[in-house]
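Structural features, examined
Below, each chain spelled out in residue letters.
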2 protein chains.
Amino acid sequence: MGNQLYNQVLNIHLAAVEETLPKYLPKDDQALQKLLYEIMAYACEAGGKRIRPILTLEFCRVCGGDTARALPFACAIEMVHSYSLVHDDLPCMDNSPVRRGRPSAHAAYGEDMALLAGDALLNRAFEVMLDPANRSGLPSESVLRAAFELADASGAGGMVGGQVIDILYENKPIDIDVLEKLQLGKTAALIEAACVIGCHLAGAGEEKVSAAREYGRQLGLAFQIVDDILDATATAEQLGKPVGSDAEHGKATYVSLLGIEAAEKLAEERTENAIRSLEVFKDKADVLREFTYALLKRKK
Amino acid sequence: MGNQLYNQVLNIHLAAVEETLPKYLPKDDQALQKLLYEIMAYACEAGGKRIRPILTLEFCRVCGGDTARALPFACAIEMVHSYSLVHDDLPCMDNSPVRRGRPSAHAAYGEDMALLAGDALLNRAFEVMLDPANRSGLPSESVLRAAFELADASGAGGMVGGQVIDILYENKPIDIDVLEKLQLGKTAALIEAACVIGCHLAGAGEEKVSAAREYGRQLGLAFQIVDDILDATATAEQLGKPVGSDAEHGKATYVSLLGIEAAEKLAEERTENAIRSLEVFKDKADVLREFTYALLKRKK
């Protein structure tokens, strides 16, 4: 497949998300809580790669669904991702004053307002998916499955659970099994859900749903390993030290546990696993294949 | 109607909620994040009046529905209420070390874990409502309407919005119109949703849904006024001052704005409004009528 089609498809998805996401956020200049709406928009504004909503739209397209009908769900997933970043940045968590080159939500608006804006964004994801206005033309059962998939992935057994494991093992000895469980929740669960939801909204059968689930899990893990490698490389460059020698900063990473070479090898293996699970979609998944390799090779 | 039937019905609902709520929370002693599960349970443990889930079950019963099928939804509403208390108590919010006579979640488990347990409880509400295992026998459309009702009530336009208004007007001049908007979101929205959801799950028509909505709104506002009166009375007794003279504590209340007598009169009016909106349910709503008066006359 040509690189041109790949770029074209991804750009269409990205443009749709950037255009639609603000529309699914609350807006009312007369509301006494309009500052809350402003913070929610601030937290969702461009800057991220929008990987999750793109995966939802692309899996929907690959399965023959109507991507326009998947947009509210794609945007809901991005809202969950955005809320998790707002809460992650809070002083009692990572205490990050900066996010995507701008002040983090609490640095810009105060801790109480950032907490509530995060709560409201998580909540908004479900408002958007369940709103009758956003689900016309979709079978009720598809909507229920899609919304349950997101709820299941983002909660105590998924993303929040992974964040808790992350905190509990800070400054403690950790092995690769624990790191995998942590990252399956913290990073892979939402990416997996993004893929599966695209299939549900296209009315895909169990075989395709399972394939998308396995793809998302492998991609999610590969994505995190690459993140760790990029972080370690940037830190080593800053400090003028060899890559991988920053393990003392309290949180274990694939690089701190495995070293840079084994981490790179594992990211490649996971990427191959992800690609392999796309077989059921035949050549319809060519854009996904290129996307998967691009994420492995990314430089930031 | 006899007081006996009233007590019997309410006790059945309350026992069902107390028994079922823990079952809908995650439990897995092998999970690395089992501490998270412990905190979620801690935050939901007995001590509250369970007004919201009782309303859901009773409206379901009044509309001829199967209350057993409404239980997951009743418990989901209580989870949203519980999460809101956990986040409200956090240092960046009310900074309350105590909740229901015990250490608040963050006092017991730390601020980061309390934040995440609150997030996980909000999320869990949607997991429970949307889980195929919990919605068998219910029409998909009823489930979607019920879950949307909760999402709509608890988010930026409802409960979280009300909390934001509360913060924005702290230590600022506030009139009764602002206080009403604040309390419609902060307190009444979730109570209103609890009533409406019970009707949806029983497959009730629009007339009954509207009546339940109006009832819940009036009851929610009355409930808050009584809360303010009880708070003001307790504070005045502690300080040995006349009731209503505690307005300097930063947050406006019905008592600080209206005085104790006008507040009592308004609570009675709202209670009468609530009772009036129950007419469509005829004598089936007798338990609700007694419940409504009992909430007006409560001493804590």
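Procedures and definitions
- Residues numbered from 1 in each chain as written.
- Chains lettered and ligands numbered in written order.
- Predicted model: local features only at pLDDT ≥ 70, side-chain atom pairs only at ≥ 80, totals over all residues.
- Heavy atoms only, no water.
- Phe/Tyr/Trp six-rings, centres within 6.5 Å; stacked < 30°, edge-to-face > 60°.
- Helix = DSSP H or I, 4+ residues; strand = E, 2+ residues; numbered from the N terminus.
- Buried < 20%, exposed > 50% of the residue type's maximum accessible area, 1.4 Å probe, protein only.
- pLDDT = per-residue confidence, 0-100.
- Core = buried A, V, L, I, M, F, W, Y, C linked by side-chain atoms within 4.5 Å.
- Contact = heavy atoms within 4.5 Å.
- Expected span 1.5 Å × (residues − 1).
- Arc of directions from axis to C-beta.
- Polar contact = N/O pair within 3.5 Å; in protein donor to acceptor, adjacent residues only side chain to side chain.
- Buried area = accessible area lost by both parts, 1.4 Å probe.
- Salt bridge = Lys/Arg side-chain N within 4 Å of Asp/Glu carboxyl O.

**Concerning the packing of aromatic side chains**
Scanning all chains against the criterion turns up seven aromatic pairs over all chains. Seen in terms of ring centroids, B:Phe59 and B:Phe281 are 5.6 Å apart; in terms of plane orientation they differ by 75°. Their pairing is edge-to-face. Taken together, the positions of B:Phe59 in helix α3 (residues 51-62) and B:Phe281 in the loop between α12 (260-276) and α13 (286-297) put the pair 222 residues apart, joining distant regions of the chain. Using a relative accessible area of 0% as the deciding quantity, one classes B:Phe59 as buried. Given the relative accessible area of 4%, B:Phe281 is considered buried. Joined through ring pairs, the aromatic side chains of A:Phe59, A:Tyr215 and A:Phe281 make up one cluster.

**Considerations on the confidence of the model for chain A**
As a general rule, the predicted coordinates of low-pLDDT regions are not to be interpreted in detail. Considering every residue of chain A, the mean pLDDT works out to 95; 97% of them sit at 70 or more. This prediction of the complex comes with two scores: 0.96 for pTM and 0.96 for ipTM.

**Examining the nonpolar core**
When a protein is soluble and globular, its nonpolar side chains tend to lie buried together. A:Leu55 and B:Leu55 are the most contacted members of the largest nonpolar core, which has 178 residues in total. Not counting residues up to four positions away in its chain, the partners in contact with B:Leu55 are B:Ile191, B:Ala194, B:Cys195, B:Tyr215, B:Leu219, B:Leu288 and B:Phe291. Counting residues in each nonpolar core, the second largest holds 18 residues, with B:Ile174, B:Val226, B:Ile229 and B:Leu266 among its members.

**Overview of helix α1 (residues 3-20) of chain A**
Residues and elements named next belong to chain A. With 18 residues, α1 extends 26 Å from end C-alpha to end C-alpha; this agrees with the ideal 26 Å at 1.5 Å per step. If you check which residues of α1 are buried, you get Tyr 6, Val 9, Leu 10, His 13, Val 17 and Thr 20. Along α1, the residues classed as buried sweep out an arc of 110° about the axis, all on the same side. Set apart from the buried face of α1 by more than 90 degrees, the exposed residues are Gln 4, Ile 12 and Glu 19. Lining the buried residues of α1 we find α3 (51-62), α4 (67-89) and α13 (286-297).

**Structural notes on the environment of A:Glu45**
All names here are of chain A. Mapped onto the elements, Glu 45 comes out in the loop between α2 (34-44) and α3. On a C-alpha basis, the gap between Glu 45 and Arg 102 in space is 11 Å, while along the polypeptide they are 57 residues apart. With sequence-adjacent residues up to four places away left out, Glu 45 is seen in contact with Arg 50, Arg 100 and Arg 102. At a separation of 2.8 Å, a polar atom in the side chain of Glu 45 contacts the side chain of Arg 102.

**Section: the interface of chain A and chain B**
At the interface, 50 residues of chain A touch 50 residues of chain B. Across the interface of chain A and chain B, roughly 4,300 Å² is buried in total on both sides, 73% from carbon and sulfur atoms. Between B:Glu141 and A:Arg135 there is a salt bridge, with the nearest N and O atoms lying 3.3 Å from each other. Secondary-structure elements contributing two or more residues to the side of chain A that touches chain B are α2, α4, α6 (111-130), α7 (140-154), α8 (159-168) and α9 (176-201) of chain A. Here the side of chain A that touches chain B takes twelve residues from α6(A), the largest share from any one element.

**A closer look at the pattern of salt bridges**
All names here are of chain A. Applying the stated criterion to the full structure yields 36 salt bridges over all chains. Residue Asp 89 is joined to Arg 99 by a salt bridge in which the shortest nitrogen-to-oxygen separation is 2.8 Å. Residue Asp 89 is found in helix α4, and its partner Arg 99 is found in strand β1 (residues 98-99); the two are separated by ten residues along the sequence. A single network of salt bridges, built from pairs that share partners, joins Asp 94, Asp 166, Lys 186 and Lys 251.

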